[in-house]
Each structure stands twice: as structure tokens, then as C-alpha cells.
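Examining the three-dimensional arrangement
One letter stands for each residue in the lines below.
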Amino acid sequence: MGDIRQNDPGGREQDSPKPRLDVAIVGGGIIGIITALGFLHRGMHVVIYERAAKFQEIGAAIAFTGVARECMQRLNPRVLEVLGQVGQKSPQERVRYWDGFHPRTKQSAEQEESSLLFDVPERDLAFWACLRSHFLGRMADQLPKGTIQFGKQLVNYTDADGSNKVVLRFADGRTAAADVVIGCDGIHSVTRKLLLGKEHLASNPSYTHKTVFRALVPFPGAIAALGADKASDYCLHLGPDAHMISFPVNNGAMYSIFLANHDPQQWPDPYTMTATSTRQEVSSALQSWGPHVAEIIGLLPEKLIKYGVFDMADNPAPTYASGRVCVAGDAAHASSPFHGAGACMGVEDSLVLAELLEHVQSLPASSRPRSLVAALQAFSAVRIERSQWLVQSSRDMGDIYEWRYPDTGEDGAKCKAEFEWRARKIWDFDVDAMVAESKKEYEKLAASTVY
Ligand SMILES: Cc1cc2nc3c(=O)[nH]c(=O)nc-3n(C[C@H](O)[C@H](O)[C@H](O)COP(=O)(O)OP(=O)(O)OC[C@H]3O[C@@H](n4cnc5c(N)ncnc54)[C@H](O)[C@@H]3O)c2cc1C
Ligand SMILES: *[C@@H]1O[C@H](CO)[C@@H](O)[C@H](O)[C@H]1NC(C)=O
């Protein structure tokens, strides 16, 4: 069987009492790379197999919570350092949630306050936002040469009883072997399909019946549409069947618009999650909205890309692990973006895996295959409830913002209450307790697993 440690310079393995754990990570997205950095920090040997020929530059922004930053620090302090360099804390003091629908005319500042549904102090949210491509590129710079192999699309793996390695098979016909496989291959994860079976309902994500439009427009236009006060904050406009999130970026050079719209139709092809659209389509969908949102829509470019939002809420995976293979990040629990915390869940996954596999690495090599099975089962047991809750809650938030959620309707106070308890659950999370629980779960499983 091919040993990917053969290229290791210096033969350090012979000198060290325990050989390094050999890990294959499938997918070099944000979670694959963060996981790799956490494992490398703990002395493991890591290869990332990425389907694409090179990193794809996606110009989208992404934000991380305080909990995710705490996990990054513990995974590998370099990850948080890099985020600190490419990211910026939101400069606004509060996030305001406006009624974007009812006011029929532009109002004076005092009248304007009546369409404020609620606000939240930004310090409670404490997001650090960055461009996804910047963060990914800078993290990849931290990887030792050769860690990431491009053009490697996983098509199958074999995790045979009695074999001391899992064998991965790629579309180019080549194979590779590793002690353990972490599938970070995103929403359409092949690892998940192989792990659960192609026919399993959770092998495919489902359409959330929401479409999203994104654009950057010149800031002066936003001031003309919303007024200087409103345009200077991070703000949400809520209303029937749609919502808009908008804020100034690049120190007020540009204004970022994220517009989500309910879609009762089916989405034609789940593998093509984008479609071409026009400003006209957006303005006719929101034609009865108030003047602020209407004028913002007027700033959009004439041709737009429409994103179909998919997630795993309808068919959550019954487990994240089988044998010596598991899934993490979007591969395990792809979420809609309405909590802005999908990747944060993946970062929590990475920390649990890093801590458990570090422990397995400290054990005698002969006991590894069975210890790995217990470690991955413990990971799945500890992560499944919280990460799947997020997927469902994110869907609910989309409906709350779009006045489709029966318990809250158009009631600002009720919307705020729903938002707050959900946000608290994401932000006030005890990372130490999660790690401790995963170790306890591992000990329990390791003691009881019979082979
Ligand atoms: C509009 C939008 C806004 C968002 N905003 C936020 C936010 O503000 N905060 C937040 O926390 N989250 C946010 N998210 C969620 C976040 O983007 C995802 O959770 C995150 O990118 C998932 O990372 P990942 O590494 O798990 O998967 P991906 O980023 O999808 O990476 C998967 C990688 O695997 C590779 N791959 C796929 N198949 C194979 C294969 N067979 N073999 C080898 N490689 C393969 C792919 O090429 C890709 O590089 C948002 C999502 C959307 C859609
Ligand atoms: C994967 O390989 C196994 C043998 O290990 C085989 O039985 C199975 O059909 C293969 N699956 C796919 C999707 O190619």
C-alpha cells in the first residue's frame, strides 16, 4: 500500500516514539484548510486533496463570531492571526432592523424611528468580516509545501476491516492511502454520499425556496436612497417574502447589498446553484415595498446573478462518521446563510477533530484503527445536535425576516425575541465544555467498542 510518508525528509518517524498520524482531508475550502492547520499544529501528517486545479477566487465576504475565533486560536494561533490581518471588526455600533415595506413615503428623521423594528448592539454580535478569498489564500500560505494537491477529485474510498489504511480513489485513476479521512468537500460532498449511500436522502441537499442577490454599489447612491444616518450602519430591512441586509464597505467607498427573496417555485438543477437574472426581476418581486428599498434596488446593475439557496434542513445526516471516515463543515451540515454562521459551525467541528485525533496519535500505533473509529463516532455524537439545530434555525431566521414565521409575523418585538435567543445560543457557547464532552464520549466509546 502506498505510504504517503515516504517523502518525509529526515526520517523523523524512526526517532519519535509514536509515528505521526496520517490524515487525508478531502476538499481545500475554508474548513479543509483550517482543519489541516489545526492538525499540523499537533504534529500530524496532512495531505489535502482538492478537486479544483487551483484556488477559486470568490469575491464574497464572510464573517466569524467570537466562538469561531476562540476555536481558531486553539486550533492553531496562526489562523486567528491571519484573520486579524485580513479581517475587520464591524465599525458600526449597532445593527438596526427596519420595516422596509410599510412606510409609503420618505419620512423625517423622527417619523423614520417609527419604522425601526428593533436594534441590537454590535458589540454583542462582534463579527469579524473578511473577503473569503483573502482569508483562504493567506491560510494556504501557512501550509508546508506539498500539503495541498490540486486536481484531485475523490470518487471512491475503501475502508476495509483489517487493513491499516483507508484507500482513496480519484477521478484521475490514482489512489492514496491514509490512517483517517476527513471529508470537507462542501454541500455536494462525495464523501457524504459514499459514507451514507448514494440513495440516502441526506446525500443530497434541498432547496430552501430562497434566492439571494448580491451587489456592491457606490456609497453616495446608498446615502441618497436611505439617508446618511441609515446608510452608515449595518442594517436589515424586513418585509413580506423578502429581506435585505446592507452596509458600507471599504471605509465607505462602496455599499454592499444582500437581498433574499422567497421563491415558491422549484429550482431547476441543484448542481447549478446560480442563474442569470435582472434588476427588473428583483424590482417586480418587491414592487409594493417602501421607497428606501425601491431606491436601493434602482442602484443594482441591470444584469444580476441569482443564487439558489440549498441546505440540509429537510434531510439531516443521521451520522457524520463511519469507520475511519467522517464529514465536517458544509459536507456534514450545509446551512442557509441567514444566521451568518455556517462556516463557524465547521470551525467548531475542526477543533473537536483536532483534539480527539491528537489523543489517538499519542496511543500505540497498533490500537489506532479502532481508536480512530471511536474518535470519529465521538466527534459525530458531540457535533450533530448543535450543527443541525443551526441549519434549521437559519431557515427559521430567513422566514422570521420575511414575515413568514407564524409565531412572529410582522411583530418587531417578537422578531427581536426570536433573534436574541437564537443568537445567544450561537454566541454564548462553551468551547471548553464541548471539548471535554467529546473526550468523555471518546473514552466511553473506546471502552465499549468491540471488534
Ligand atoms: C451567501 C452566503 C453567505 C455566507 N456567509 C457566511 C458568514 O458570514 N459566516 C459564516 O460562518 N458562514 C457563511 N456562509 C457559509 C459558508 O460559506 C460555508 O459554511 C463555508 O464556506 C463552508 O466551507 P467548507 O470548507 O465546508 O465547504 P466549501 O467552501 O464548499 O469547500 C469545499 C471544497 O471541496 C472541494 N471539493 C468538492 N468535491 C470534491 C471532491 N469530490 N474531491 C476533492 N475536492 C472536492 C471544492 O472544490 C471546495 O474547494 C455563507 C454562505 C453563503 C452561501
Ligand atoms: C467503490 O468501491 C467499492 C469497492 O471498495 C465498490 O464496491 C463500489 O461499487 C465503489 N463505488 C463507487 C461509487 O464507485
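Residues numbered from 1 in each chain as written. Chains lettered and ligands numbered in written order. Predicted model: local features only at pLDDT ≥ 70, side-chain atom pairs only at ≥ 80, totals over all residues. Heavy atoms only, no water.

**So, the pattern of salt bridges**
All chains considered together, the criterion is met by 27 salt bridges. Notably, a salt bridge pairs E358 with R42, separated by 3.4 Å at the nearest N-O pair. Here E358, found in helix α14 (residues 342-361), pairs with R42, found in the loop between α2 (30-41) and β2 (45-49); they are 316 residues apart in sequence, far enough to count as distant. Take E358: its relative accessible area is 34%, and that puts it in the partly exposed class. (Salt bridge = Lys/Arg side-chain N within 4 Å of Asp/Glu carboxyl O. Helix = DSSP H or I, 4+ residues; strand = E, 2+ residues; numbered from the N terminus. Buried < 20%, exposed > 50% of the residue type's maximum accessible area, 1.4 Å probe, protein only.)

**Quick notes on the site of ligand 1**
Lining the immediate surroundings of ligand 1 are 28 residues, of which E50, A63, L154, D330 and G340 lie closest. Within the backbone of L154, an N or O atom sits 2.9 Å from a nitrogen atom of ligand 1. Between ligand 1 and G340 there is a distance of 2.9 Å, counted from a nitrogen atom to a backbone nitrogen or oxygen. Taken by itself ligand 1 offers 1000 Å² of open surface, and the protein chains cover 83% of this. Every element with two or more residues in the shell around ligand 1 is listed here: α2, β3 (61-64) and α14. In terms of residue count, α14 provides more of the shell around ligand 1 than any other element does, three residues in total. Grouping the amino acids of the shell around ligand 1 by side-chain chemistry returns 13 nonpolar, eight polar and seven charged. (Near = heavy atom within 4 Å. Polar contact = N/O pair within 3.5 Å; in protein donor to acceptor, adjacent residues only side chain to side chain. Areas by Shrake-Rupley, 256 points an atom, 1.4 Å probe, with all protein chains shown as cover. Nonpolar A, V, L, I, M, F, W, Y, C, P; charged D, E, K, R; others polar.)

**Observations regarding the sheet that holds strand β19 (residues 321-322)**
An order of β8-β2-β1-β12-β20-β19 is seen for the six strands of this open sheet, with the pairing classed as mixed. The open sheet is flanked by β8 (148-149) and β19, the only strands paired with a single partner. Sheet topology places β2 next to β8; two bridges connect them, and they run parallel. Its bridge partner being in β8, I48 is matched across the sheet by I148. Running at roughly 170 degrees to β2, α2 makes contact with β1 (22-26), β2 and β12 (180-183) of the sheet. (Pairing = 2+ DSSP bridges. Contact = heavy atoms within 4.5 Å. Axes fitted to C-alpha atoms, helices over the stretch in contact; angles between N-to-C directions.)

**Some thoughts on the UniProt feature "transmembrane region" (unreviewed entry) in the chain**
Look at the UniProt record and you will see "transmembrane region" (unreviewed entry) annotated at residues 21-40. Helix makes up 55% of residues 21-40 and strand 25%, with an end-to-end C-alpha separation of 10 Å. (UniProt positions renumbered as here; feature names shortened; annotations may be inferred.)

**Some thoughts on the packing of aromatic side chains**
Throughout the structure, instances matching the rule amount to 15 aromatic pairs. Ring centres of F219 and Y255 lie 6.0 Å apart, and the angle between their planes is 20 degrees; on these two criteria the pair is classed as stacked. Note that F219 is positioned in helix α9 (residues 219-226) and Y255 in strand β16 (residues 254-262), a separation of 36 residues in sequence. Judged by relative accessible area, which is 0%, Y255 ranks as buried. Between F419 and W427, the aromatic rings sit 6.3 Å apart at their centres with planes inclined by 70 degrees, giving edge-to-face as the arrangement. On the basis of relative accessibility, which here comes to 14%, the residue W427 falls in the buried class. Three or more aromatic residues joined by ring pairs form one cluster here, namely Y97, F118, Y401, F419 and W427. (Phe/Tyr/Trp six-rings, centres within 6.5 Å; stacked < 30°, edge-to-face > 60°.)

**Some points on the domain arrangement of the chain**
Where interface size is given, it is often the accessible area lost as the parts come together that is meant. One can read the domain layout of the chain as domain 1 (4-86 + 130-205 + 314-402 + 412-446) and domain 2 (91-123 + 206-311). Contact with domain 1, which involves 22 residues of that partner, is made by 27 residues of domain 2. Contact between domain 1 and domain 2 buries roughly 2100 Å² in total, counting both sides, with carbon and sulfur atoms accounting for 60%. Counting the contacts that link domain 1 with domain 2 gives three salt bridges. Taken together, domain 1 and domain 2 are joined by ten residue pairs in polar contact (both at pLDDT 80 or more). Elements that contribute at least two residues to the side of domain 1 that touches domain 2 include exactly α15 (368-401) and α16 (412-427). Per-class residue counts for the side of domain 1 that touches domain 2 are ten nonpolar, six polar and six charged. (Domains from an automatic or database assignment. Buried area = accessible area lost by both parts, 1.4 Å probe.)

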